[in-house]
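Examination of the molecular architecture
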Amino acid sequence: MKETIIILGANGQIGSELALALRNKFGKENVITSDIRPPQQLEEGDIFETANVLDKNLLKELFLKYKPTQIYLLAAMLSATGEQYPQKAWDLNMNGLLNVLDLAVELGIKKIFWPSSIAVFGPHSPKIDTPQYCVMDPNSIYGISKLSGERLVEYYHAKYGLDIRSIRYPGIISWKTAPGGGTTDYAVHIFFEALAKGAYTSFLSENTALPMMYMDDAVRATIELMDAPAENLTIRSSYNLAGISFTPTEIAQEIKKILPNFDMSYADGDPRQAIADSWPKSINDEYAQKDWNWKLEYNLEDLTREMIENLKTNKQQWVELLNLERKENLSAGPKWRSNSHV
Ligand code: VAH
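Sequence order as written defines the numbering, with residues in each chain counted from 1. Residues qualify for local features only when their pLDDT is at least 70, as the model is predicted, and side-chain atom pairs are given and counted only at 80 or more; totals for whole chains, interfaces and linings, by contrast, use all residues. Only hydrogens and water are removed before side-chain values are computed, so all heavy atoms of the structure are retained for them.

The name given to the protein chain in an unreviewed UniProt entry is Nucleoside-diphosphate-sugar epimerase, and the organism recorded there is Sphingobacterium alimentarium. UniProt positions are given in the numbering used here, feature names are shortened, and annotations may be inferred rather than shown by experiment. The UniProt entry for the protein chain carries the following text under Sequence similarities (unreviewed entry): "Belongs to the NAD(P)-dependent epimerase/dehydratase family."

The helix and strand inventory of the protein chain stands at 12 helices and 14 strands. Relative to the 2.2 N^0.38 estimate, which gives 20 Å for 342 residues, the radius of gyration of the protein chain is 19 Å and therefore close to what a compact globule would have. Expressed along its principal axes, the backbone C-alpha trace of the protein chain runs to roughly 55 × 45 × 35 Å. With a 1.4 Å probe rolled over the protein chains alone, any residue whose accessible area is under 20% of its type maximum counts as buried; one over 50% counts as exposed, and the rest are partly exposed. Within the protein chain, the fraction of its 342 residues that count as buried is 59%. Partitioning the intrachain contacts of the protein chain with sequence separation of at least 6 by distance along the chain shows that 78% fall at a separation of at least 24. Runs of E in the DSSP output that reach at least two residues are strands. Runs of H or I that reach at least four are helices, and both are numbered from the N terminus. Only C-alpha atoms enter the radius of gyration; for comparison, a globular chain is expected to reach 2.2 Å times N to the power 0.38, where N is the number of residues. Any pair of residues with heavy atoms lying within 4.5 Å of one another is described as a contacting pair.

In this section: the packing of helix 1 (residues 13-26) against helix 7 (residues 215-227). Only the contacting stretch of a helix is used when fitting its axis, a line to C-alpha atoms as for every element, and angles between N-to-C directions run 0 to 180 degrees. Viewed as axis vectors pointing N to C, helix 1 and helix 7 meet at an angle of 55 degrees, and their least axial separation amounts to 10 Å. The orientation of helix 1 relative to helix 7 falls into the category oblique. As for how helix 1 packs across helix 7, the hand of that crossing is right-handed. In this structure, helix 1 contributes Gln-13, Ile-14, Glu-17, Leu-18, Ala-21, Leu-22 and Lys-25 to the contact, and helix 7 contributes Met-215, Val-219, Thr-222, Ile-223 and Asp-227. Under the scheme applied, nonpolar residues are Ala, Val, Leu, Ile, Met, Phe, Trp, Tyr, Cys and Pro; charged residues are Asp, Glu, Lys and Arg; polar residues are all the others, including Gly. Here the contact of helix 1 with helix 7 is built from residues that sort into 7 nonpolar, 2 polar and 3 charged. For classification purposes, an angle smaller than 35 degrees is called roughly parallel, one larger than 145 roughly antiparallel, one from 65 to 115 roughly perpendicular, and anything else oblique. By the definition used in this description, the sense in which the near helix is turned from the far one sets the handedness, with an anticlockwise turn below a right angle giving left-handed and a clockwise turn giving right-handed.

Turning next to the sheet that holds strand 3 (residues 47-50). Judged by pairing direction, the sheet is parallel, and its 6 strands sit side by side in the order 3-2-1-4-5-7 without closing on themselves. Strands at the two margins of the open sheet, each flanked by one partner only, are strand 3 and strand 7 (163-165). Pairs of neighbouring strands in the sheet enclose a mean axial angle of 20 degrees, with direction left out of account. For two strands to pair, DSSP has to find at least two bridges joining them. One ladder, built from 4 bridges, connects strand 2 (residues 31-35) with strand 3; its direction is parallel. Looking at the pairing, Asp-35 lines up with Thr-50 of strand 3. Its contacts with the sheet put helix 2 (residues 56-66) on strand 1 (5-8), strand 2, strand 3 and strand 4 (70-73), and the angle it makes with strand 1 is roughly 155 degrees.

Glancing now at the pattern of salt bridges. Here a salt bridge means any side-chain nitrogen of Lys or Arg lying within 4 Å of a carboxyl oxygen belonging to Asp or Glu. Applying the stated criterion across every chain yields a total of 19 salt bridges. The partner of Arg-305 in a salt bridge is Asp-302, and the shortest N-O contact between them spans 3.3 Å. Taken together, the positions of Arg-305 and Asp-302, both in helix 11 (residues 300-313) and 3 residues apart, correspond to about one turn of that helix. Connected through shared salt-bridge partners, Asp-217, Arg-220, Glu-224 and Glu-297 make up one network.

Bringing the UniProt feature "domain: NAD-dependent epimerase/dehydratase" (unreviewed entry) in the protein chain into the picture now. As annotated by UniProt and renumbered to match this structure, "domain: NAD-dependent epimerase/dehydratase" (unreviewed entry) occupies residues 5-234. Within residues 5-234, the helical portion is 43% and the strand portion 17%, while the C-alpha atoms at the span's ends are 24 Å from each other.

With that settled, consider empty space enclosed by the protein. Only protein atoms enter the 1 Å grid used here, on which a cavity is any set of points holding a 1.4 Å probe that cannot leave and a pocket is any open set flanked by protein within 12 Å on both sides along at least five of seven lines; residues with an atom within 4 Å of a point are listed as lining. Grid points are joined across faces, edges and corners, and a volume is the space filled by probe spheres set on the points. For the structure shown, the criterion picks out 2 cavities of 30 Å³ or more. Every element with two or more residues in the lining of the largest cavity is listed here: helix 1, strand 6 (116-117), helix 5 (141-160) and strand 9 (171-173). A per-class count over the lining of the largest cavity returns 12 nonpolar, 8 polar and 2 charged. What marks off one domain from the next here is an automatic or database domain assignment. Three or more residues apiece are contributed to the lining of the largest cavity by two domains, here domain 1 (5-170 + 215-240) and domain 2 (172-212 + 243-330).

We define proximity as follows: a residue is near a molecule or strand when any one of its heavy atoms falls within 4 Å of that partner. Every residue close to the ligand is listed here: Leu-78, Ser-79, Ser-117, Ile-118, Tyr-142, Tyr-169, Pro-170, Gly-171, Gly-182, Thr-183, Thr-184 and Trp-279. Within the side chain of Thr-184, an N or O atom sits 3.0 Å from a nitrogen atom of the ligand. Only the protein chains shown count as cover for residues, with accessible areas throughout obtained via the Shrake-Rupley method and a probe of 1.4 Å. Within the complex, the protein chains bury 94% of what would otherwise be the 280 Å² of accessible surface of the ligand. Most atoms of the ligand, that is more than half of them, are within 2 Å of grid points of the largest cavity. Considering only residue class, the shell around the ligand consists of 6 nonpolar, 6 polar and no charged. We define a polar contact as two N or O atoms separated by no more than 3.5 Å, with the added condition that, inside protein, one atom must be a possible hydrogen donor and the other a possible acceptor, whereas residues neighbouring each other in sequence contribute only through side-chain atom pairs. More than half of a molecule's atoms lying within 2 Å of a cavity's or pocket's grid points is what places that molecule inside it.

We now examine the packing of helix 6 (residues 186-197) against helix 11. Where helix 6 meets helix 11, the axes come as close as 10 Å, and the angle between the chain directions of the two elements is 50 degrees. Comparing the axis directions of helix 6 and helix 11 gives the class oblique. By crossing handedness, the relation of helix 6 to helix 11 is classed as right-handed. For the pair helix 6 and helix 11, contact is made by Phe-191, Phe-192 and Leu-195 and by Leu-303, Thr-304, Met-307, Ile-308, Leu-311 and Lys-312, respectively. Counted by class, the contact of helix 6 with helix 11 contains 7 nonpolar, 1 polar and 1 charged residues.

In structure tokens:
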């Protein structure tokens, strides 16, 4: 059967790279990207539609126009920005999801991908090798919205038979698109600044271990999950995905193996430290391995090499991204950058 894909929130860190992968897989003519504003660049043949996931009528027109067989809902406000605008984060993350779920039921759109996050775990969740099932008491509005979203997607699967699939992404590290207001953004900024300035000041303390993943692994995991036979999937909330766990000190040491003069420093008092402290240090992803044969490919050494090599050969790209970051950070205040998609 011909597949038609709509990606909502396609301009974000994950959405923009998923769009590339899905266009390669299904053909540009079968992938419609969408976000609240047009992307900075569109290639020949790329299809883009402006849409706000909070405008249900506009979403319905989009779905009726293209009759998608799959929807990827990546529009969301991440953890750090969410703490600055909690009501907006709840509205976007929850009502955006509800609009898509209800329209999918109404229009018979069977397959949906929706990202959750390790942010669904909280201070009383196990910190090491955090299991699929455990105490989950998130204390960020982003984590609360993602845990609530997991309950919703499992309910819509059970009640309406929607084939919704989800991954609890760790922090995602990529070079093509700047991250958008997350607590794990330091692990991307460090590479941009290491190349631009030879130094980086981390807003997370040196021993803050967090689960992370290189973008290529995250995109492949998403597509492999979506391609898996439905009957193999035993998790309909969201799958744990472990990635690789490291601290700012460890990633700095890995960077120094390639850039020996790189200087790392640490700033105290950033509000994102409390968010990071509430999250797991490492994740158990046995269900993803068992149900859809998940295997990670990029370790910390691979990720560091890929980031530095790609940023070196795409210098113009990250200089523009850094300038954009600085402009947006300046406009959004000293520490925060407002953004509304993954
Ligand atoms: C954030 N990058 O930092 C996101 C992610 C696990 C973290 O969900 O908010």
